[in-house]
Amino acid sequence: MRCAGGRLDLAPGVSPTIDVPTRGRAIGRRGSVNLGAYFVDRRPLTIPSFRRLWVASAITAVGGSFSLIAVPTQLFTLGGSSAMIGVSAAVSLCTLIASALWSGALADAMDRRRLLLAGNTGLGLAYLGMWLNAVLGLNSVALLLVLVAAHGVSFGTTLTAMGAAVPRVVPTEQLVAANGLSSLTRYSGAVVGPLLAGALIPAIGLGTLYLFDALALTIVLWAVARLPEMPPPAGAPAIRVAGTLRALGDGFRYLAGHRVMIAILAVDLAAMVFALPHALLPELAERTYGGPAGGGAELGVLFAAYPAGVLLAGLLSGTFSRTRRHGAFMASAAMAWGCCVVLLGLAANLRIALVALVAGGAVNFVLSTFRNAISQAYTDDALRGRIQGSFTVVLMGGPQLANMLHGFGGAVLGVRSAIGIGGALTVLTVALLVRAVPELWRYEAGPAAVRPAPIPPAGRPQARPASQPPLSGRSSPATPSGGPAAGGRSRQDGRAGHSSN
């Protein structure tokens, strides 16, 4: 190519190209607005492995949610009391937490594809056992609780292994879009699945729903089997099953040594524990908005408003999925969620309450999408399974703590006061966290950066790889490894791998 007389002369067959900044991505040819850029960001679906996983997860999001209605319904029918449902929830939560931590360590020591296959196979076998328990007329509460425990173990394994596997399949710059697509299918299934199950139970019986869940898992097994092998990264220390507990300690020490990861967990916990008002929605529907005792339309729309907001944000995820300001978007979404909850507490009118919940669902989608993207991109791959296990514990335990706190708070302070105070505490807590850990607000996704070196087991010195030069004295004493993983950087320094985290 040469320039002659103000004219560009190009080689034959070469057309001129102009790099358009990201901010102008919605402008198409001739200045026209490309509205498609604002809708669902579908870039990860061009990756065959992720596309197969996503299609399979979309099917299981609907089919796999049948058991969420079938198990408590069957327990109530067999036991005649809601107490057994509480026992089942406790069994499921305890086994899921233990499994998430244990499988997180295993995900860093073995092929993550094999671990995904094992977890999904366990889910399928648990569903088949529940189906046989119902179809054969065994109707054993004890057997059902054992199967619920098996389901919790398998589900915890699947959640953790999937969170650790996705960054192996999807490039760093598309993690936000990938997490957005996954959240969209999950929440869609949470809405469509129970509605479909309620319509199917009178027609085909409750037990058949378990069989549908098991059949849906076969599609997931096919998708996982088509994934490439995902062995531990080269140079990662071997973790034997007997040493898994010590490996879990390595993961927690990694978290403790990285301020950004601690801040992410703290923001997420504040948003869930202080501001998640689901436990108070029945009382709010009946005593504030005049709904009938035992539930009615008011209660239904209150519970439906939040996932509706999530779906709306998912459908418009193209408006934010390409931004690099991951930390600022996550923290801002958490504070916006707190403001929505404050509005809910102040709302004396049902319509205003629905607006608050729809808006809250939308900003929570943004919060969870960037939380997952930051944690996946920031974490060294050798420890990603253990870190995902820790996040799974927070995700599963946070709502339970929120229900307990709001239940007591509603009884003492009144339902609207408890909701409003919870939202205000969320805004205040996140603002204080941003001030205390400014690296979170400055965190940006960027080109490949130096990964934080894994924290070695206690008592072992950490050797610097020969190919990695010493940092130029810019890292903080709280940063044992130097900076964020591939794709992350701090705006303060502007150079990948040199932020103080």
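Remember, it's a predicted structure, so these values are computed and weren't measured experimentally. One numbering rule holds for all chains: residues counted from 1, following each sequence as written. Reporting in this predicted model follows two pLDDT cut-offs: at least 70 for local features of residues, and 80 or more for side-chain atom pairs to be given and counted; totals over whole chains, interfaces and linings ignore these cut-offs and use all residues. For the side-chain quantities, the full set of heavy atoms in the structure was used; hydrogens and water were omitted.

### A look at the overall build of the protein
Here comes step 1: Secondary structure assignment for the protein yields 16 helices and 4 strands.
Here comes step 2: Across the 501 residues that make up the protein, the buried fraction comes to 48%.
Here comes step 3: For the protein, the exposed area adds up to about 22700 Å²; of that, 66% sits on carbon and sulfur atoms. Only DSSP runs of H or I with at least four residues qualify as helices, and only runs of E with at least two residues qualify as strands; both kinds are numbered from the N terminus onward. We call a residue buried when its accessible area falls under 20% of the maximum for its residue type, exposed when it is over 50%, and partly exposed in between, using a 1.4 Å probe and counting protein chains only. Computed with a 1.4 Å probe, the accessible areas rest on the Shrake-Rupley method; for each residue, only the protein chains presented here act as cover.

### Digging into a nonpolar patch on the surface
Here comes step 1: In this scheme, patches are assembled from residues that exceed 30% relative accessible area and form no salt bridge. Like charges are connected within 9 Å, while nonpolar side chains (Val, Leu, Ile, Met, Phe, Trp, Tyr) are connected within 5 Å. Here a salt bridge means any side-chain nitrogen of Lys or Arg lying within 4 Å of a carboxyl oxygen belonging to Asp or Glu. Together, Leu132, Val135, Leu136, Leu138, Leu143 and Val146 make up a nonpolar patch on the protein surface, roughly 530 Å² of accessible area in all.
Here comes step 2: Broken down by secondary-structure element, the contributors of at least two residues to the nonpolar patch are helix 4 (112-135) and helix 5 (141-169).
Here comes step 3: One can find Leu143 in helix 5.
Here comes step 4: Of the residues examined, Leu143 reaches a relative accessible area of 33% and is grouped as partly exposed.

### Looking at the confidence of the model for the protein
Here comes step 1: On average, residues of the protein score 78 in pLDDT, and 77% of them reach the 70 mark or higher.
Here comes step 2: Values of pLDDT, ranging from 0 to 100, describe the predictor's confidence in every residue of the model. Only heavy atoms enter the contact rule, under which two residues are in contact if any of them lie within 4.5 Å. Across residues 1-35 the pLDDT falls below 50, and counting only partners more than four positions away or on other chains, this stretch makes 26 contacts in the model.
Here comes step 3: Across residues 448-501 the pLDDT falls below 50, and counting only partners more than four positions away or on other chains, this stretch makes 128 contacts in the model.

### Things to note about the environment of Ala334
Here comes step 1: Along the polypeptide, Ala334 turns up in helix 12 (residues 326-346).
Here comes step 2: Residue Ala334 is classed as buried on the basis of its relative accessible area of 0%.
Here comes step 3: Beyond its immediate sequence surroundings of up to four residues, Ala334 is in contact with Val267, Leu367, Thr426 and Val430.

### Side note on unusual backbone geometry
Here comes step 1: With a phi close to 50°, Asn139 is a non-glycine residue in the positive phi region.
Here comes step 2: For Asn139, the position within the fold is in the loop between helix 4 and helix 5.
Here comes step 3: Under the relative-accessibility criterion, Asn139 is labelled partly exposed at 39%.

### Side note on helix 13 (residues 350-378)
Here comes step 1: Taking 1.5 Å per residue, 29 residues should reach 42 Å; helix 13 reaches 41 Å between its end C-alpha atoms and fits that length.
Here comes step 2: Among the 29 residues in helix 13, 22 count as buried, and that is most of the element. Expected span, for any helix, means 1.5 Å times one less than how many residues it has.

### Some thoughts on the packing of aromatic side chains
Pairs of aromatic rings are described using the distance from one ring centre to the other and the angle between the two planes.
Here comes step 1: Any pair of Phe, Tyr and Trp rings, taking the six-membered ring for Trp, is counted once the centres come within 6.5 Å. Such a pair is stacked with planes under 30 degrees apart, edge-to-face with planes over 60 apart, and tilted for the rest. Overall, the coordinates contain 6 aromatic pairs when judged by the stated rule.
Here comes step 2: Look at Phe320 and Phe370: their rings are 5.9 Å apart centre to centre, the planes differ by 50°, and that puts the pair in the tilted class. Of the two residues, Phe320 is situated in the loop between helix 11 (297-315) and helix 12 and Phe370 in helix 13; the sequence distance between them amounts to 50 residues. Across this residue pair, the class does not change: Phe320 and Phe370 are buried.
Here comes step 3: Plain terms: the ring middles of Phe329 and Phe370 are 5.4 Å apart, the flat faces sit at 45° to each other, and that makes the pair tilted. You can see Phe329 sitting in helix 12 and its partner Phe370 sitting in helix 13, a full 41 residues away along the chain.

### Observations concerning the pattern of salt bridges
Here comes step 1: Enumeration according to the criterion identifies 10 salt bridges in this entry.
Here comes step 2: Among the ionic pairs, Arg168 bridges to Asp381, the shortest N-O distance being 2.8 Å. Of this pair, Arg168 sits in helix 5 while Asp381 sits in the loop between helix 13 and helix 14 (384-413), placing them 213 residues apart in sequence.
Here comes step 3: Note that Glu283 and Arg287 form a salt bridge whose closest N and O atoms lie 3.6 Å from each other. Placement of both Glu283 and Arg287 in helix 10 (residues 281-288) is noted, with a separation of 4 residues, approximately one turn of the helix.
Here comes step 4: With a relative accessible area of 67%, Arg287 lands in the exposed category.
Here comes step 5: One connected set of salt bridges, linked through shared partners, spans Asp108, Arg112, Arg168, Asp381, Arg384 and Arg386.

### Some remarks on helix 3 (residues 83-107)
Here comes step 1: Taking 1.5 Å of rise per residue, 25 residues should cover 36 Å, and helix 3 covers 35 Å from first to last C-alpha, within 8% of that figure.
Here comes step 2: Of the positions making up helix 3, those classed as buried are Ser88, Thr95, Leu96, Ser99, Ala100, Leu101, Ser103, Gly104, Ala105, Leu106 and Ala107.

### Re the side chain of Gln376
Here comes step 1: With respect to the element layout, Gln376 can be found in helix 13.
Here comes step 2: On the basis of relative accessible area, Gln376 is assigned to the buried category, the value being 3%.
Here comes step 3: Apart from the residues lying within four places of it in its own chain, the contact partners of Gln376 are Gly163, Val166, Pro167, Leu175, Asn179, Arg384 and Gln388.

### Points about the packing of helix 6 (residues 175-204) against helix 11
Here comes step 1: Two elements in contact, helix 6 and helix 11, have axes separated by 9 Å at closest approach and are oriented at 145°. The interaxial crossing formed by helix 6 with helix 11 has left-handed handedness. Residues Leu184, Tyr187, Ser188 and Val191 of helix 6 form the contact with helix 11, whose participating residues are Tyr306, Pro307, Val310, Leu311, Gly314 and Leu315.
Here comes step 2: As a working rule, the residues Ala, Val, Leu, Ile, Met, Phe, Trp, Tyr, Cys and Pro are called nonpolar, Asp, Glu, Lys and Arg charged, and the rest polar, with Gly in that last group. By residue class, the composition of the contact of helix 6 with helix 11 is 8 nonpolar, 2 polar and no charged. Structural elements are reduced to axes, namely lines fitted to C-alpha atoms, with helices fitted over the stretch in contact, and the angle between N-to-C directions of any two is expressed from 0 to 180 degrees. By convention the crossing between two helices is left-handed if the near helix lies anticlockwise of the far one by an angle smaller than a right angle, and right-handed if it lies clockwise.

### Details of the side chain of Asp380
Here comes step 1: With respect to the element layout, Asp380 can be found in the loop between helix 13 and helix 14.
Here comes step 2: Of note is the side chain of Asp380, whose polar atom sits 2.9 Å from the backbone nitrogen of Ala382. Pairs of N or O atoms are called polar contacts if they sit within 3.5 Å, as long as, within protein, a hydrogen donor faces a hydrogen acceptor (for residues adjacent in sequence, only side-chain-to-side-chain pairs).

### Thoughts on the environment of Ala100
Here comes step 1: Here Ala100 is to be found in helix 3.
Here comes step 2: When its relative accessible area of 0% is taken as the criterion, Ala100 is described as buried.
Here comes step 3: Setting aside its immediate chain neighbours within four residues, Ala100 contacts Gly156, Thr160, Gly389, Thr392 and Val393.

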